[in-house]
Amino acid sequence: MSEINLNKYSRQVLFWPQGEKNQHNLQEKTVSIIGAGALGTVLANHLVRAGTGEVRLIDRDFVEESNLQRQMLFDEQDVRDKLPKAIAAADKLTRINSEVAVVPFIEDANASNIEELTAGSHLILDGTDNMETRFLINDVSVKNNIPWIYAGVVHSRAMTATVIPGVTPCFRCLFPVFEAGHGETCDTVGVLSTAVHIIASYQATEALKLLAEESDYVRSEMIQLDVWKNDYSTFPFQYSLNPDCPCCQKKTFEYLDKKISDKLISSLCGRNAVQITPNYTSSADLPAFEKKWSRLGKVQRTPYLLRLNYNDKEISLFKTGRVLINGTDDADTAKRLYSILIGN
Ligand SMILES: [Zn+2]
């Protein structure tokens, strides 16, 4: 059993119903946070300061200027350095609490890798901004018996719910039909940073209850709130279990089983960027590409990626072979560039 730093965690140990025992429980746990943006940075900040054993940060993107208004672990230097969010967040978190194993993954969590990324986790936290990934997290959660905590936030409105396989209904019981959204996203109607922080703090509080093994007060209701209009409501969902739920009842995992037959191409909403992920696990030979690309435009290599400025576009090639093309939201343009610059 790991030692407790009784000075560092004194206020929390005083608070815990079972004192040091809860702290020990927390220090033995591993949490995967999918998305290190607005929600994810608040979640990670709380869990690392609290002394969780291992915190995995999974994020596919870089720090941008428009993130700083609400993504609390980043600063202007991270924007200038164009650091991957997972790396920038992990650097800061390690300075905050070096006793926690903070493990960054510069990855897009998808059907091919999410089980591997979350293997051995005691809890998964939703720091994403899209329903598709949430259904995927729900599949992994039910399949591998890992609780997860959902949260969504847009404008001044936010909601959260805790899914515990075998105990609560699952996310698909609550949201049976996949809806791509109603056009209201943080990129179209904006988001208030306080709404993000409040709902992520609710998520983090539920996380602490589960990880410290104090489940008496774990919520069996969904919270919905509007911080601007002063609305707060709860919706008990223990009776929402769908006896025909394809996920938690029939144990079919449609989102996880989606086989990626070709390259996965996705437009990143509101980012004017397209991501292309190869359908195989690969590792890109960055020095070789650097040599090839240096004839085409300005090339910059960092420990994590290679970046090329080419025809008003910025192309980033990650070590895993994933490519982000900034400067277009058109999939065909992105595919053309991919075949010119990467091949196949
Ligand atoms: Zn279900």
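The model shown is predicted, which means the values in this text are computed figures rather than measured ones. (Residues numbered from 1 in each chain as written. Predicted model: local features only at pLDDT ≥ 70, side-chain atom pairs only at ≥ 80, totals over all residues. Heavy atoms only, no water.)

Concerning the sheet that holds strand 14 (residues 323–326)
This is how the line gets drawn: Only strands that DSSP links by at least two bridges are regarded as paired with each other. The helix count covers DSSP runs of H or I at least four residues long, the strand count covers runs of E at least two residues long, and both are numbered beginning at the N terminus. Think of each axis as a best-fit line through the C-alpha atoms, taken over the contacting stretch in the case of a helix, with angles from 0 to 180 degrees between the N-to-C directions. Should any heavy atoms of two residues lie within 4.5 Å, those residues are considered in contact.
Overall, antiparallel pairing links the 6 strands, which are arranged 9-10-14-13-12-11 in an open sheet. Edge positions in the open sheet fall to strand 9 (264–268) and strand 11 (298–301), since each of these has one partner strand only. For this sheet, the mean inter-axis angle between neighbouring strands, taken without regard to orientation, is 15°. Where strand 9 and strand 10 (residues 273–277) come together, 5 bridges link them in antiparallel fashion. Residue pairing across strands places leucine 264 opposite threonine 277, the latter belonging to strand 10. Of the strands in this sheet, strand 11, strand 12 (305–310) and strand 13 (313–318) touch helix 12 (residues 286–293), which is tilted by about 15° from strand 12.

Topic: the coordination of the zinc ion
Spelled out, the test is: Metal sites are built from N, O and S donor atoms within 2.8 Å, or 3.2 Å for Na, K and Ca, and they leave out water, so they may look incomplete. Angle rules define the geometry names used: all angles between 85 and 135 degrees makes four donors tetrahedral, while opposite donors over 155 degrees apart and all other angles between 65 and 115 make four donors square planar and six octahedral, leaving every other case irregular. Only protein chains enter the accessibility calculation, which uses a 1.4 Å probe. A residue is then buried if its area is under 20% of the maximum for its type, exposed if over 50%, and partly exposed in between.
The zinc ion binds to the protein through Cys170 (SG), Cys173 (SG), Cys245 (SG) and Cys248 (SG), with metal-donor distances spanning 2.3 Å. Geometry at the zinc ion is tetrahedral, judged from its 4 donor atoms and the angles of 99 to 124° they form at the metal. Overall, the relative accessible area of 9% leaves cysteine 173 in the buried class. The exposure class assigned to cysteine 248 is buried, which follows from its relative accessible area of 11%.

Remarks on the side chain of threonine 133
Looking at the secondary structure, you find threonine 133 in helix 7 (residues 131–144). A relative accessible area of 12% places threonine 133 in the buried class. Non-local contacts of threonine 133, meaning those with residues more than four positions away in its chain, are made with Ile34, Ala109 and Thr128.

Regarding the state of the cysteines
Heads up, the rule is: Cysteine sulfur atoms are paired as a disulfide whenever they come within 2.5 Å of each other.
Evaluation of the coordinates by the stated rule reveals 0 disulfides. Free of any disulfide, cysteine 247 has its nearest neighbouring cysteine sulfur in cysteine 170, separated by 4.3 Å. Overall, the relative accessible area of 0% leaves cysteine 247 in the buried class.

Remarks on the pattern of salt bridges
Applied cut-off: Salt bridge, as used here, is a side-chain nitrogen of Lys or Arg placed within 4 Å of a carboxyl oxygen of Asp or Glu.
A complete count under the given rule lists 18 salt bridges for this structure. Here glutamate 132 ties to lysine 258 by a salt bridge, and the two come within 2.8 Å at their closest N and O atoms. In this pair, glutamate 132 is assigned in helix 7 and lysine 258 in the loop between helix 11 (254–257) and strand 9, connecting sequence segments 126 residues apart. In this structure glutamate 132 comes out as partly exposed when scored by relative accessible area, which is 34%. When its relative accessible area of 44% is taken as the criterion, lysine 258 is described as partly exposed. A salt bridge links arginine 307 to glutamate 314; the shortest N-O distance between them is 3.5 Å. Look at arginine 307 and you get buried, because its relative accessible area is 2%. The network of salt bridges with common partners includes Glu206, Lys209, Arg219 and Glu221.

Brief notes about helix 3 (residues 38–50)
Going by this rule: Expected helix span is computed as 1.5 Å times (number of residues minus one).
The terminal C-alpha atoms of helix 3, which comprises 13 residues, lie 19 Å apart, in line with the 18 Å expected from a rise of 1.5 Å per residue. Within two residues after helix 3, glycine 51 carries a phi angle of roughly 95°, on the positive side.

Describing the sheet that holds strand 4 (residues 123–126)
Spatially, the 8 strands line up as an open sheet ordered 3-2-1-4-5-6-7-8, and their pairing is mixed. Since the sheet does not close on itself, it has two edges, and those belong to strand 3 (101–106) and strand 8 (231–236), each with one partner. Averaged over all adjacent pairs, the angle separating strand axes in this sheet is 15°, with direction ignored. Inspection of the sheet shows strand 1 (residues 30–34) paired to strand 2 (residues 54–59) by 5 bridges, in the parallel sense. Within strand 2, the position partnered with isoleucine 34 by the bridge is isoleucine 58. Strands in contact with helix 5 (residues 85–96) are strand 2 and strand 3; relative to strand 3, the strand with the most contacts, it is inclined by about 170°.

Quick notes on the packing of helix 3 against helix 10 (residues 193–211)
The axes of two packed helices give the description: the angle between them and the distance between them. Put simply, the test is: Each angle is binned into one of four classes, with values under 35 degrees roughly parallel, values over 145 roughly antiparallel, values of 65 to 115 roughly perpendicular, and all other values oblique. A clockwise turn of the near helix away from the far one marks a right-handed crossing, whereas an anticlockwise turn of less than a right angle marks a left-handed crossing. The classification used treats Ala, Val, Leu, Ile, Met, Phe, Trp, Tyr, Cys and Pro as nonpolar, Asp, Glu, Lys and Arg as charged, and all other residues, Gly among them, as polar.
At a closest axis distance of 9 Å, the pairing of helix 3 and helix 10 adopts a crossing angle of 40°. Overall, the two elements helix 3 and helix 10 adopt an arrangement that is oblique. Read as a crossing pair, helix 3 and helix 10 show a hand that is right-handed. In this structure, helix 3 uses Ala38, Leu39, Val42, Leu43, His46, Leu47 and Ala50 to contact helix 10, whose residues at the interface are Val196, His197, Ile199, Ala200, Ser201, Gln203, Ala204, Ala207, Leu208 and Leu211. Among the residues making up the contact of helix 3 with helix 10, the classes are represented as 13 nonpolar, 4 polar and no charged.

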